[in-house]
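# Results of the structural survey
Spelled out from the first residue to the last, the chains are:
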Amino acid sequence: MIFDPLTEDATVEGLFRRTGRRELRRHILNSLKKGHKPRFEKSNRSALECAAALQIFLSRLKKPIMPQHVQELILADNPGVEVQVIAQDALGLIKQDVGGRHGELLIDVLDLLRHLTLSGPPSECSELRGSPLPIALLPVFFNLSSGDLIKWKQVAARFSELITEAAKQLHRNEQRAMYTETTLNLAMSVEDVRNLSEKQSDSIEIYLY
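This is a predicted model, so every value here is computed, not measured.

What counts, and at which threshold
- Residues numbered from 1 in each chain as written.
- Predicted model: local features only at pLDDT ≥ 70, side-chain atom pairs only at ≥ 80, totals over all residues.
- Heavy atoms only, no water.
- Helix = DSSP H or I, 4+ residues; strand = E, 2+ residues; numbered from the N terminus.
- Buried < 20%, exposed > 50% of the residue type's maximum accessible area, 1.4 Å probe, protein only.
- Contact = heavy atoms within 4.5 Å.
- Expected span 1.5 Å × (residues − 1).
- Axes fitted to C-alpha atoms, helices over the stretch in contact; angles between N-to-C directions.
- Parallel < 35°, antiparallel > 145°, perpendicular 65-115°, else oblique.
- Nonpolar A, V, L, I, M, F, W, Y, C, P; charged D, E, K, R; others polar.
- Salt bridge = Lys/Arg side-chain N within 4 Å of Asp/Glu carboxyl O.

Across its full length, the chain holds 11 helices and zero strands. Scanning the chain from its N terminus toward the C terminus, one meets helices and strands in the order α-α-α-α-α-α-α-α-α-α-α. When each of the 209 residues of the chain is scored for burial, the buried share is 36%. For the chain, long-range pairs separated by at least 24 residues make up 78% of all intrachain contacts whose partners lie at least 6 apart in sequence.

If you want it as structure tokens, here you go:
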């Protein structure tokens, strides 16, 4: 998967800001468009090119990677509302309205960004005192107007919080499903034991009779 070189070389400086080698970037982008896995030599470090190709791919999707109504929530002024609340509301909309392959792609990309923000090199810092990735990717995830650019710090802070909370919020259904399946399996096991005990009791009664 294209994410592999990014997760393996998460400490590379300049992800989503440096474009890397043109031919390799073009090769990766073409593979993405065709739905193929790009082929790399193990010695060929390609994190910069993968990040740049992914950035271009996401920005050219027919539907924006971040749904329009979620963008509007993140971009709205909402004075007095905490960043965490806005991010959680946005994730609630994503869980409610975004499904299928689009939803899977969005969740995968947010997971990747969370990994990269946690694993980035200490030498990279931003005015948000954290990873510069949310700032670099604002134009990919949001259709920013000239008015929005004035409040870019506010938007970046909300986007950064959304990335942080996505791992918890968007995977709750999976965890609940796993818990439900485990509970059902346990219930079935208990029922099997009861049935077996009843059969054994019947056999003993028949034998004694």
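Next comes the rest of the description.
With that settled, consider the environment of Thr7. Its location among the elements puts Thr7 in helix α1 (residues 3–8). Thr7 sits 109 residues away from Leu116 along the chain, and the two C-alpha atoms are 7.0 Å apart. Leaving out residues up to four positions away in the same chain, Thr7 has contacts with Leu112 and His115.

Given a rise of 1.5 Å per residue, 20 residues ought to cover 28 Å, and the 29 Å separating the end C-alpha atoms of helix α6 (residues 100–119) matches this to within 8%. If you check which residues of α6 are buried, you get Gly103, Leu106, Val109, Leu110, Leu112, Leu113 and Leu116.

With that settled, the discussion passes to the packing of α6 against helix α10 (residues 152–169). Two elements in contact, α6 and α10, have axes separated by 9 Å at closest approach and are oriented at 105°. One finds that α6 runs roughly perpendicular with respect to α10. Contacts between α6 and α10 involve Leu110, Asp111, Leu113 and Arg114 from the first element and Phe159, Leu162, Ile163, Thr164, Ala166 and Ala167 from the second. For the contact of α6 with α10, the residue count by class is seven nonpolar, one polar and two charged.

Moving on to the pattern of salt bridges. Per the stated rule, a full pass over the model turns up six salt bridges. Taking the shortest distance from any N to any O, the salt bridge between Arg21 and Glu49 comes out at 2.7 Å. Here Glu49 lies in helix α3 (residues 47–59) and Arg21 lies in the loop between α1 and α2 (22–34), a separation of 28 residues in the sequence. Glu49 sits in the buried class, given a relative accessible area of 3%. Across the salt bridge formed by Lys168 and Glu165, the nearest N and O atoms sit 3.8 Å from each other. Taken together, the residues Lys168 and Glu165, both in helix α10 and three residues apart, mark about one turn of the helix. Residue class for Glu165 comes out buried when judged on its relative accessible area of 11%. Salt bridges linked by common partners bring Asp77, Asp148 and Lys151 together as one network.

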